[in-house]
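Chain by chain, the residues run as shown.
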Amino acid sequence: PSMLTLLRPVGILYLSSGLLVLAQFRGHFSPRMNQIFLTPSRMINRGVGLKVEGSSFTLDGSPFLIIAGTIHYFRVPREYWRDRLQKLKACGFNTVTTHIPWNLHEPRKGWFYFTANLDFVYVFTMASEAGLWVILCPGPYVGGDLDLGGLPSWLLRDPKMKLRTTYKGFTKAVNHYFDKIIPMIVQLQYAKGGPIIAVQVENEYGSYHQDKRYLKYIKKVSAPLTFLHIYIFLISLSHKGLLMFPNFNFLSHLSFSSYLRAVLKKEVREMFNASFSLNFYMFHGGTNFGFMGGSASLDNYLPMITSYDYGALLTENGEYTPEYFSYQDFFSFSLGTYTRFLFLFLPQPISSVKPICMEKLSVNQGSGQSSGYVLYETMIISGGLLTTKGHLQDRGQVFVDDIYIGILDHSTNHLTIPTKMVYKNNPTLRILVENQGRLAYGQNINKERKGLIGDIYLNNSPLRKFKIYSLDMKTKFLRRDLPNIWKPVVFKHQGPAFFLGILRMGNYPRDTFIKMEGWTKGVIFINGQNLGRYWNIGPQETLYLPGPWLRPGSNEIIVFEEFKPGLQIHFTNMSHLGMVPWRANCSI
């Protein structure tokens, strides 16, 4: 049986009057969060960083949904850090949350360790390279089922010690510790080009709450971070200005599996609909190596076992669980950006008194344009009969300003432009001409020039003074000046446009087929590779997508739709070619 996967387009690149506009696609379905451009590598010109706007977050002014998973670098061998981060990204997460255990970094008073498996600067750099933001929990107390919650045991040498309070013996040690780690954190913060977008100081203090002044002290001692565009979370059930940032704690495979059904189908979906950020504790648990594990005291004293598998989405040794793929499918279907747009200039136009065919355009170092589309623009002063006299090759969509008029092609050589549509002075006539392929054989191959190969006429008068745009759809064209700043907008678009989708894959992508059901006509690109044309008239219904052209994690799909888009892109493991009129070749 055929396996079907759905992908909904999340961006639109709208074609008009010398401008391209990028915006989220909206159809008759719930808004999705497409945040592909809100990644460390794409956020080059950075401003205010993460902020709270109402009940939601923004990142540099753009609405931002945090989908975070916790990985403790100290519970995972350094050699596996990159693998675990890549799997987090491939599952659909955009942020890694981690803790800095004070007791491991300063096991003896005044002796600090930040190398080997404790090199958090290196792991955060890896996270940035993987396209992940970082939420950092530096303590002083981090919990995490660690020995003394990550506090160093030498603090207890003081017989009067009062942990997690403003007791001077404790605050003096905290000050010394923060003086050491805060400069290291600062160099990795958002405003300096790093991946750290937020810091959580302390942890779950509401369940401890021994000193009302303590959180004020922690806020003061961590003040250097607040001045550097990192938003501080103060987790306290009794503290004013509390930000609730929910963790999903999965304690065993059994409880996880039963809880998953409700969470995935109800709670998480409701959170997404409410644009509610969340964190998975743990995404990958790892191991309590050595004696790092702590203990719990419920009815009895319960020492922590060595494994910290935690029933997480990855097993203790980093293997996938069925739940991993369940969430990967959910995030692939649900994630994306709020509605956004960005104005981009089209290629520099070529000005010409008369039309110029594709092959003679002054592009590609004097080689002309070989394939794709050409947009011709000229001013008109009246409506009437537009005729090509066979000078349009092969298919052209005609617009007056942004109003669609019709199609000119091999079988249709004239259209009527209603006079009432020419409602203002000097409206622009636009003709988007497609090269559908040159003859492969026969006597007429010498005539196979494309675009407007001669004059076109309005009321029998040849049109003049054209602006001509080369749209060859090559990789350079698709990737030119990819935007990093987006603004909210809503489009209900019909006409030529680019649509953006993100396909998330596991570590070993395989061959698949794309089915453009509900779409009209256009071209598909995957990671810059041109897969080819689709057209709803058939007979071919699917396009082959080779597995080697996909990569683990996020894959960028761009669809150039000429007329009316569908709401989804279908992926299937079976081809549907219809009744293809194959031409038999026989040679001796």
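Throughout this description, residue numbers start from 1 for each chain and increase along the sequence as written. Given that this is a predicted model, residues contribute local features only at a pLDDT of at least 70 and side-chain atom pairs are listed and counted only at 80 or more, while totals for whole chains, interfaces and linings are drawn from all residues. The basis for every side-chain value is the complete set of non-hydrogen atoms in the structure, without hydrogens or water.

1. Thoughts on the sheet that holds strand β5 (residues 50-53)
So, step 1. Within the open sheet, the three strands sit side by side as β5-β6-β7. Their pairing is antiparallel. Each edge of the open sheet is held by one strand with a lone partner, namely β5 and β7 (62-64). Strand after strand, the sheet turns through a mean of 45° between neighbouring axes, direction not considered.
So, step 2. As defined by bridge partners, strand β6 (residues 56-59) adjoins β7 across three bridges and the pair is classed as antiparallel. Its bridge partner being in β7, T58 is matched across the sheet by P63. Note on pairing: DSSP must find at least two bridges between two strands before they are called paired. Secondary structure elements are taken from DSSP: a helix is a run of H or I of four residues or more, a strand is a run of E of two residues or more, and numbering for both begins at the N terminus. Angles here are taken between N-to-C directions and fall from 0 to 180 degrees, while the axes themselves are lines fitted to C-alpha atoms, restricted in helices to the stretch in contact.

2. Examining the confidence of the model for the chain
So, step 1. Mean pLDDT for the chain: 80, with 79% of residues reaching 70 or above.
So, step 2. Predictor confidence is given residue by residue as pLDDT, running from a minimum of 0 to a maximum of 100. Every residue pair with non-hydrogen atoms within 4.5 Å of one another is taken to be in contact. The low-confidence segment residues 580-588, where pLDDT is below 50, has four contacts with residues more than four positions distant or belonging to other chains.

3. Regarding the packing of helix α1 (residues 81-91) against helix α3 (residues 120-129)
So, step 1. As a packed pair, α1 and α3 sit with axes 10 Å apart at the nearest point and diverge in direction by 35°. Between α1 and α3 the crossing geometry is right-handed. Across the interface between the two elements, W81, R82 and L85 of α1 pack against Y122, V123, M126, A127 and E129 of α3.
So, step 2. A breakdown of the residues in the contact of α1 with α3 according to their chemical character gives six nonpolar, no polar and two charged. A clockwise turn of the near helix away from the far one marks a right-handed crossing, whereas an anticlockwise turn of less than a right angle marks a left-handed crossing. Under the convention adopted here, Pro, Cys and the residues Ala, Val, Leu, Ile, Met, Phe, Trp and Tyr are nonpolar, Asp, Glu, Lys and Arg are charged, and Gly plus all remaining residues are polar.

4. Things to note about the nonpolar core
So, step 1. Remark: nonpolar core denotes a set of buried residues (Ala, Val, Leu, Ile, Met, Phe, Trp, Tyr, Cys) joined through side-chain atoms within 4.5 Å. Burial classification: accessible surface area is computed with a 1.4 Å probe over protein chains only, and a residue below 20% of its type maximum counts as buried, one above 50% as exposed, and the rest as partly exposed. In this structure, L85, F93, W102, F120, L155, F170 and F283 are the most contacted members of the largest nonpolar core, which totals 70 residues.
So, step 2. Top element by residues in this core is helix α4 (residues 168-186). It accounts for ten residues.
So, step 3. Beyond its immediate sequence surroundings of up to four residues, F93 is in contact with I67, A68, G69, L88, L132, F280, F283, L313 and F331.
So, step 4. I356, I417, M421 and L452 belong to the second-largest nonpolar core, a separate cluster that totals 27 residues.

5. Some remarks on the pattern of salt bridges
So, step 1. In the sections that follow, a salt bridge refers to a side-chain nitrogen of Lys or Arg positioned within 4 Å of a carboxyl oxygen of Asp or Glu. This structure, assessed with the given rule, holds 17 salt bridges.
So, step 2. Taking the shortest distance from any N to any O, the salt bridge between R430 and D402 comes out at 3.5 Å. Placement of R430 in strand β26 (residues 428-434) and of D402 in the loop between β23 (395-400) and β24 (403-408) is noted, with a sequence separation of 28 residues between them.
So, step 3. Salt-bridge contacts for R464 lead to D455; the nearest nitrogen and oxygen are separated by 2.9 Å.

6. Here's the deal with α4
So, step 1. Expected helix span is computed as 1.5 Å times (number of residues minus one). The end-to-end C-alpha distance of α4 is 26 Å, a good match for the 27 Å that 19 residues give at a rise of 1.5 Å each.
So, step 2. The quantity called bend is, for any residue, the angle between two axes fitted respectively to the seven residues ending at it and the seven beginning at it. At D179, α4 shows its maximal bend, which comes to roughly 30°, and the proline P183 appears one to four places after that position.
So, step 3. Within α4, the full set of buried residues consists of F170, T171, A173, V174, Y177, F178, I181, I182, M184, I185 and V186.

7. Re the sheet that holds strand β19 (residues 350-352)
So, step 1. What the six strands build is an open sheet, ordered β19-β30-β20-β26-β23-β24; its pairing is antiparallel. The open sheet has two edge strands with one neighbour each: β19 and β24. Mean inter-strand twist for the sheet, computed between neighbouring axes without regard to direction, equals 20°.
So, step 2. Sheet analysis places β23 next to β26, joined by six bridges and oriented antiparallel. Each residue of the ladder has a partner; that of F399, found in β26, is R430.

8. Overview of the pairing of strand β34 (residues 529-535)
On a regular strand, each side chain points to the face opposite its neighbour's, so the side chains alternate between the two faces of the sheet.
So, step 1. As paired elements, strand β33 (residues 521-526) and β34 share six bridges and run antiparallel to each other. Paired with I526 across the strands is Q529, a residue of β34.
So, step 2. Counted between consecutive antiparallel strands, the loop separating β33 from β34 contains two residues, among which N527 sits at a positive phi close to 50°.

9. Section: helix α5 (residues 214-221)
Because the α-helix completes a turn every 3.6 residues, residues three or four places apart line up on one side.
So, step 1. Where α5 is concerned, the buried positions are Y214, L215, Y217, I218 and V221. In a view along the axis of α5, the buried residues occupy a sector of 155°, so they form one face of it. In this structure, α5 carries K216 and K220 as exposed residues pointing more than 90 degrees from its buried face. By arc we mean the arc of the directions from the helix axis to the C-beta atoms, nothing more.

10. Concerning the environment of I558
So, step 1. Secondary-structure assignment places I558 in strand β36 (residues 553-561).
So, step 2. A residue is classified by how much of its surface remains accessible, and I558, at 12% relative accessible area, is buried.

11. Points about the packing of α4 against α5
So, step 1. The geometry of α4 relative to α5 is characterised by a closest axis approach of 11 Å and an angle of 30° between their N-to-C directions. When the axis of α4 is compared with that of α5, the two are roughly parallel. Considering the relative orientation of α4 and α5, their crossing is right-handed. The residues of α5 that touch α4, namely those facing F170, T171, V174, N175, F178 and I182, are Y214, Y217 and V221.
So, step 2. Taken together, the residues of the contact of α4 with α5 sort by class into seven nonpolar, two polar and no charged. With respect to orientation, any angle under 35 degrees is reported as roughly parallel, any angle over 145 as roughly antiparallel, any angle of 65 to 115 as roughly perpendicular, and every other angle as oblique.

12. Description of the side chain of E106
So, step 1. Position of E106 among the secondary structure elements: in the loop between α2 (102-105) and α3.
So, step 2. Within the buried set, E106 has no salt-bridge partner at all; the shortest N-O distance to an opposite charge, 7.7 Å, is to K109.
So, step 3. Separated by 2.8 Å, the side chain of E106 and the backbone nitrogen of G110 make a polar contact.
So, step 4. Not counting residues up to four positions away in its chain, the partners in contact with E106 are W111, F112, P152, W154, H176 and Y177. Only four residue types enter the charge count, namely Lys and Arg as positive and Asp and Glu as negative; His and the chain termini do not. For the purposes of these results, a polar contact is taken to be a pair of N or O atoms within 3.5 Å, where, inside protein, one atom must be able to donate a hydrogen and its partner to accept one; residues adjacent in sequence count only when each atom of the pair is a side-chain atom.

13. Some remarks on the side chain of T315
So, step 1. Note that T315 resides in the loop between β16 (301-303) and α8 (322-334).
So, step 2. There is a polar contact of 2.6 Å between the side chain of T315 and the side chain of N317.
So, step 3. Aside from chain neighbours lying at most four places away, what touches T315 is H284, D309 and T321.

14. A look at unusual backbone geometry
So, step 1. Q393 connects to D394 through a cis peptide bond whose omega is 15°.
So, step 2. Tracing the sequence through the fold places D394 in the loop between β22 (392-393) and β23.
So, step 3. In this structure, the amide linkage connecting G538 to the following residue, P539, adopts the cis form with an omega of 5°.
So, step 4. Residue position: P539 is located in the loop between β34 and β35 (542-545).
So, step 5. We note that R164 has phi near 60°; this positive angle belongs to a residue other than glycine.
So, step 6. The residue R164 is located in the loop between β10 (133-139) and α4 in this model.
So, step 7. Classification of R164 as buried rests on a relative accessible area of 5%.
So, step 8. Even without being a glycine, K465 presents a positive backbone phi close to 60°.
So, step 9. Relative to the elements of secondary structure, K465 occurs in the loop between β29 (461-462) and β30 (466-471).
So, step 10. On the basis of relative accessibility, which here comes to 69%, the residue K465 falls in the exposed class.

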